[in-house]
Amino acid sequence: MARSEARLFTSIWRDGNFLALPPGAQRLYMFLISQDDLTYCGVMPLRERRWASKAAGLTIAEIERDLKALEGTAYPTANPDPESCPTPFVITDPETGELLVRALLRRDGAWKQPNLLKLARESAEQIESPRILGALLAELRRLPVDESPSSQVKTLVADFIADLEQ
């Protein structure tokens with residue numbers, strides 16, 4: 001099931017890490033979260049050439065520069081210094097050609113809806129990158145599942161985590 005909309009929260013304009021990004025990286029982030037091939041778990045193919053064709057004069061080199069800005073250097077180290085290397089907005093794996101919008105599952109709220117959570121879990125089965133799988137696992141562990149009144153959500157998240165731990 002392809003996504004047909006993207007949620008961009010107004011709080012992003014109060015996020016110091018986002019505000020510190022150059023304008024091109026901010027725009028690329030908004031572009032990425034609005035792509036119809038972005039799965040509910042936040043993964044999509046890494047397609048710099050295709051993305052560069054979506055704006056007049058945009059180059060692959062500019063896309064790559066903006067991706068580097070979105071990636072930062074903190075993840076997935078165990079204890080990153082938030083001052084010197086903020087948590088990245090995206091994780092890429094050029095070897096497998098995949099990109100993860102790191103906090104999409106958590107921030108978009110898809111994890112709160114059992115059917116979307118099931119779609120996220122199913123789409124995660126297609127991920128080849130160990131780096132992206134590790135980052136997704138870390139994000140799943142950050143979900144505030146104790147705040148959910150749904151026992152189904154709690155079970156689905158626990159099963160999703162168990163799948164990725166294997």
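Throughout this document, residue positions are counted from 1 along each chain, in the order its sequence is written. For a predicted model such as this one, the threshold for reporting local features is a pLDDT of at least 70, and the threshold for listing and counting side-chain atom pairs is 80 or more; totals across whole chains, interfaces and linings nevertheless cover every residue. Here the side-chain values reflect all heavy atoms present in the structure, with hydrogen atoms and water set aside.

**Q** I tried to follow the pattern of salt bridges on my own but got confused; where do I start?
**A** Should the charged atoms of two oppositely charged side chains come close, the side chains can pair. Each salt bridge in this description consists of a side-chain nitrogen of Lys or Arg and a carboxyl oxygen of Asp or Glu lying within 4 Å of one another. Tallied over the full model, the rule gives eight salt bridges. The salt bridge partner of aspartate 66 is arginine 65, with a shortest N-O separation of 3.2 Å. Of the residues examined, aspartate 66 reaches a relative accessible area of 5% and is grouped as buried. Partly exposed describes any residue whose relative accessible area lies between the buried limit of under 20% and the exposed limit of over 50%, with all areas from a 1.4 Å probe on protein chains only and scaled to the type maximum. We classify arginine 65 as partly exposed; its relative accessible area is 48%. For the salt bridge of aspartate 163 with arginine 121, the shortest nitrogen-to-oxygen distance reads 2.6 Å. Taken together, the residues span a long stretch of sequence, with aspartate 163 in helix α8 (residues 151–165) and arginine 121 in helix α6 (residues 114–124) at a distance of 42 residues. Counting from the N terminus, the helices are DSSP H or I runs at least four residues long and the strands are E runs at least two residues long.

**Q** Can you walk me through a nonpolar patch on the surface in this structure?
**A** A patch is a set of surface residues, each over 30% in relative accessible area and not in a salt bridge, joined within 9 Å for like charges and within 5 Å for the nonpolar side chains Val, Leu, Ile, Met, Phe, Trp and Tyr. Every accessible area reported is derived by Shrake-Rupley at a probe size of 1.4 Å, with residue values counting cover from the shown protein chains alone. Side chains of Leu8, Trp13 and Leu19 sit close together on the surface and give an oily, nonpolar patch of about 280 Å² of accessible area. Take leucine 19: it is sitting in helix α1 (residues 16–19). The partly exposed category is assigned to leucine 19, whose relative accessible area is 44%.

**Q** Even after reading the chapter, I still don't get the sheet that holds strand β1 (residues 43–45), so can you show me in this structure?
**A** Whenever strands of a sheet pair, they do so through backbone hydrogen bonds, lying parallel or antiparallel. For two strands to count as paired, DSSP must find a minimum of two bridges between them. Read from one edge to the other, the open sheet built from three strands follows the order β1-β3-β2, with strand pairing classed as antiparallel. The two strands at the open ends of the sheet, each matched to only one other strand, are β1 and β2 (90–93). Across this sheet, the average inter-strand angle for adjacent strands is 20 degrees, counted without regard to direction. Two elements, β2 and strand β3 (residues 98–101), share four bridges in a ladder whose sense is antiparallel. Residue pairing for β3: threonine 92 is matched across the bridge by leucine 99. Against the sheet, helix α2 (residues 23–33) contacts β1, β2 and β3, and its axis sits at roughly 100 degrees relative to β3. Strands in contact with helix α4 (residues 60–71) are β2 and β3; relative to β2, the strand with the most contacts, it is inclined by about 120 degrees. To define axes, lines are fitted to C-alpha atoms, for helices over the stretch in contact only, and angles between the resulting N-to-C directions are given on a 0 to 180 degree scale. Residue contacts are counted whenever heavy atoms from the two residues lie within 4.5 Å of one another.

**Q** Would you take a moment to explain helix α7 (residues 130–142) for this structure?
**A** An α-helix turns once every 3.6 residues. As a result, residues three or four positions apart point the same way. Working rule for helices: expected span equals 1.5 Å times residues minus one. Taking 1.5 Å of rise per residue, 13 residues should cover 18 Å, and α7 covers 19 Å from first to last C-alpha, within 8% of that figure. Polar contacts here mean pairs of N or O atoms no more than 3.5 Å apart (in protein, one a potential hydrogen donor and the other a potential acceptor; neighbouring residues in sequence count only if both atoms are side-chain atoms). Capping the start of α7, serine 129 holds a side-chain oxygen 3.3 Å from the backbone nitrogen of arginine 131, two or three residues further along.

**Q** How do you make sense of the environment of valine 90 when you look at a structure like this?
**A** Note that valine 90 resides in strand β2. According to the relative accessible area criterion, valine 90 is buried, its value standing at 0%.

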